[in-house]
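An overview of the molecular structure
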There are 2 protein chains.
Amino acid sequence: MVQEALVEIRRGTAEIIDLERITFLVERFFKTGERYKVKAGFDPTAPDLHLGHTVLLQKMATLQRYGADIQFLIGDFTGMIGDPTGKNETRKKLDRETVLQNAQTYKDQVFKILDPEKTQIMFNSKWLEALGASGLVELATTFSVARMLEREDFDKRYKSQTPISISEFLYPLLQGYDSVAMDCDIEMGGTDQKFNLLMGRHLQRIYNVGKEQAIIMMPLLEGLDGVQKMSKSLGNYIGVTDSSLDMFGKVLSISDVLMWRYYELLSSKTLHEIGQLKEGVQNGSIHPKAAKEALAMEIVARFHDVKLAQNAKLEFDRIHAQHDLPSDLETFTCKGPIWIAKALVDSGLEPSTSQARRDIAQGAVKCNQKKLSDAQWQIPEGEYVLQVGKRKFIQLKVIS
Amino acid sequence: MVQEALVEIRRGTAEIIDLERITFLVERFFKTGERYKVKAGFDPTAPDLHLGHTVLLQKMATLQRYGADIQFLIGDFTGMIGDPTGKNETRKKLDRETVLQNAQTYKDQVFKILDPEKTQIMFNSKWLEALGASGLVELATTFSVARMLEREDFDKRYKSQTPISISEFLYPLLQGYDSVAMDCDIEMGGTDQKFNLLMGRHLQRIYNVGKEQAIIMMPLLEGLDGVQKMSKSLGNYIGVTDSSLDMFGKVLSISDVLMWRYYELLSSKTLHEIGQLKEGVQNGSIHPKAAKEALAMEIVARFHDVKLAQNAKLEFDRIHAQHDLPSDLETFTCKGPIWIAKALVDSGLEPSTSQARRDIAQGAVKCNQKKLSDAQWQIPEGEYVLQVGKRKFIQLKVIS
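The notes below deal with the structure included here. Along each chain, residue indices are assigned from 1 in the same order as the chain's sequence is written. Chain A is the first chain written and ligand 1 is the first ligand written, with later ones labelled in order. Since the coordinates come from a predicted model, pLDDT governs what is reported: local features require at least 70, and pairs of side-chain atoms require 80 or more to be given and counted, while whole-chain, interface and lining totals use all residues. Only hydrogens and water are removed before side-chain values are computed, so all heavy atoms of the structure are retained for them.

**Considering the nonpolar core**
Only buried residues count toward a nonpolar core. Its members are Ala, Val, Leu, Ile, Met, Phe, Trp, Tyr and Cys residues joined through side-chain atoms within 4.5 Å. Think of it in three bands: with a 1.4 Å probe and only protein chains considered, a residue is buried below 20% of the maximum accessible area for its type, exposed above 50%, and partly exposed in between. Core analysis: the largest hydrophobic core is formed by 64 residues, its most contacted members being A:Y36, A:M60 and A:F72. The contact partners of A:Y36, leaving out residues within four places of it in the chain, are A:L25, A:V26, A:R28, A:F29, A:L63, A:Y66, A:G67, A:A68, A:D69, A:D185 and A:I186. If you look at the next biggest cluster of nonpolar residues, it comprises 63 residues, including B:F42, B:I186, B:M218 and B:V300. In this analysis, two residues are considered to be in contact whenever any of their non-hydrogen atoms come within 4.5 Å of each other.

Dropping the structure here:
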């Protein structure tokens, strides 16, 4: 049991510091039922989570099954500074109201993954404000400028003469102090957070709280392209608030290799179950697309519900998988809204708008398998399959 | 009038930033009677002031005559960090109680120089505590790490890998914020404080208080040796709590050149009066020793009173200036306590301790003009004039 738990806990992690302590905590839970505290901090500047953010949440959900009480920390105080980690310039400050709005959005989203019974939502303004100016000065005595400048991104910025605000030096200290105030046993974070995560251990030692937290670091999730990390700005993401259909379609679009990576980091299936699936795909008893559909269904069901997941699958099939559509449909992209006759001409399906109007009038033009009758239709943003007669098809993408 | 005031204000200063603003403030005072705020911060870690510290206080007293309301700032908050300026390592933190005790000592001493009617004693804990943790973080956003590391002492320490605590980076910011909170027009300090003094201007600009303080920097006072700066640790100081006799004697011991420097920086005499004195000494109408005695009397009267100053002069004369003492008395220094007979032999006044004992028994040995009778006397620390017979003298210095 303990071994199985530890295998699931270690699954997909990038690095673990103090595995002995984690083993001890899990063993104690199985023996005595005593629970332990696992902290993960979220910076409330990015309220629209994407699947990359949920890698941590999935691991937290796993830990909940093995004795963890999750301390879901919303850095409403530190959010006013903004974590400079990995950024090349000083972040803009968020005002308090925005921070609280963003925090609410987090709360709305996290219980789609975490067990609310075993989760405490915390705000670090509680103890960081209470620290007061003198407490903060005291905290700032515990670390040196030189050691702070050793942090990779600070080092780079300092050397390239990109300004580092002094408040940014306070950020890792404040984040580390959270671990003191929260008395936490394990902290989780991304690999890019290693410096800050270690600061928690450092400060627990300095403040003499009688424990030093173990650390679990998760890798950054690859985006839909399978190469770069998932990110809003790169556009290669699946947002947790994406529509069920979008979400389903995006999962279906990933490569088979990336699918197994997503299974490892995002699926609630056990490693054993995933192993069986993989075996099925390898010996040909399961089609890779079926495995991908199962993953897509699981993810849509998580962020919407099972019914919407089923509908998404049906809708997706209807659009993409009808047997009378060619499998090598060409895509034509244009700005919208666009007049249907112009779209037919621009995409090459019709020689002229007058011909297009005639064909529409004769019922020879279909959009998404349905006959069109309105020759004046202005097509709004979206994806469509246009068809003229029996043989001419195009996938039309109307963008803003 | 204004011109005369400005001459007195500029007297002895090392550097002034924004003389235009000072001129404006003084002119306005002479025209309308409107007063202005002059801040000087004192770090409550050195409660025993020496004359070096009073150079600033003298200038503040001068400004009080020309319209300044003095904001005598006791850095009880910043004192918990300790100003790292010019120090080669992180200072020890003072506990709150010590800081407050030291602050009381300051208060006891400053009104010997400043006009209490025009002085407000302030403690920066008042507004710095109120700043809270978030206010302090906000403050820390206003300055960059690189610019802070440009400060000479930080730069040296960083390059020599001497740790700089992050709290030390907060010190100049906090000191600068004092100027914002105190709404001050002029700040005064030593030349070594230039970086911190400019921070006050910087933050008044950032916090948009509608003014930028002028800055008056005073030089460091030379110690009794006339070379190194006056300092407790170098032993070349006159403490404001020294006895009247010590104080008088120490002033008398300085060189004539240093005397004029002390007149410039420490005397309440006007430049005009000092000019007359100097002229008198130059044309021979005033003996340099008389000028030095006048300075000594002024200083003793300031920190004790006029009567004690007169007594000190009389006592000093009695010891040092009796006409039967040679003027070129040699000094012999030894460790004490020392047996009188041994001192007489070691200093060369007597050929042997047995001869010394005989002379004492016969009343031929004097100490400070008084006949000695106890041949077993162990001489404690201090300075003495020993005399054997009519012609043999020595100044004996017994040290620990």
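Let us keep going from here.
**Structural notes on the relation of the copies chain B and chain A**
In the superposition of chain B on chain A (RMSD 0.8 Å, axial shift 0.1 Å), the rotation amounts to 179°. Interpreted geometrically, this transformation is the action of a two-fold axis. Taken as a fraction of all interface residues of chain B, those also at the interface in chain A reach 100%, which identifies the copy contact as same-surface. All copies are superposed by least squares; the fitting set is the C-alpha atoms of residues with a pLDDT of at least 70 in both.

**As for the sheet that holds strand β7 (residues 331-335) of chain B**
Residue and element names in this part refer to chain B. Across the sheet, 5 strands lie side by side as β7-β13-β12-β9-β10; this open sheet has mixed pairing. Unpaired on one side and paired on the other, β7 and β10 (370-371) mark the two borders of the sheet. Sheet topology note: the strand β12 (residues 382-388)/strand β13 (residues 392-399) ladder contains 7 bridges and is antiparallel. When the sheet's bridge partners are listed, V388 is paired in β13 with K392. Any two strands with at least two DSSP-identified bridges between them are counted as paired. A run of H or I in DSSP counts as a helix once it spans at least four residues, and a run of E counts as a strand once it spans at least two, with each numbered from the N terminus.

**Notes on helix α8 (residues 166-182) of chain A**
Residue and element names in this part refer to chain A. Residue count minus one, scaled by 1.5 Å, sets the expected span of a helix. Its 17 residues give α8 an end-to-end C-alpha distance of 25 Å, which sits within 8% of 24 Å, the value for a rise of 1.5 Å per residue. Of all 17 residues that make up α8, 16 are buried, and the element is covered over most of its length. Just beyond α8, the residue with positive phi is D183, at close to 50°.

**A closer look at the pattern of salt bridges**
Where charged atoms from two side chains of opposite charge approach closely, those side chains can pair. All names here are of chain B. Salt bridges are defined by distance alone: a side-chain nitrogen of Lys or Arg within 4 Å of a carboxyl oxygen of Asp or Glu. Taken as a whole and assessed by the stated rule, the structure comprises 54 salt bridges over all chains. Residue R201 pairs with D18 through a salt bridge whose shortest N-O separation is 3.3 Å. With R201 in helix α9 (residues 194-206) and D18 in the loop between β1 (15-17) and α2 (19-32), this pair connects stretches of sequence that are 183 residues apart. Residue classification places R201 among the buried residues on the basis of a relative accessible area of 16%. What makes D18 partly exposed here is its relative accessible area of 22%. Here K269 ties to E298 by a salt bridge, and the two come within 4.0 Å at their closest N and O atoms. Of the two residues, K269 sits in the loop between α11 (256-266) and α12 (271-282) while E298 sits in helix α13 (residues 288-303), which places them 29 residues apart along the sequence.

Interpretation note: all reported values are geometric properties and have no functional meaning in isolation.
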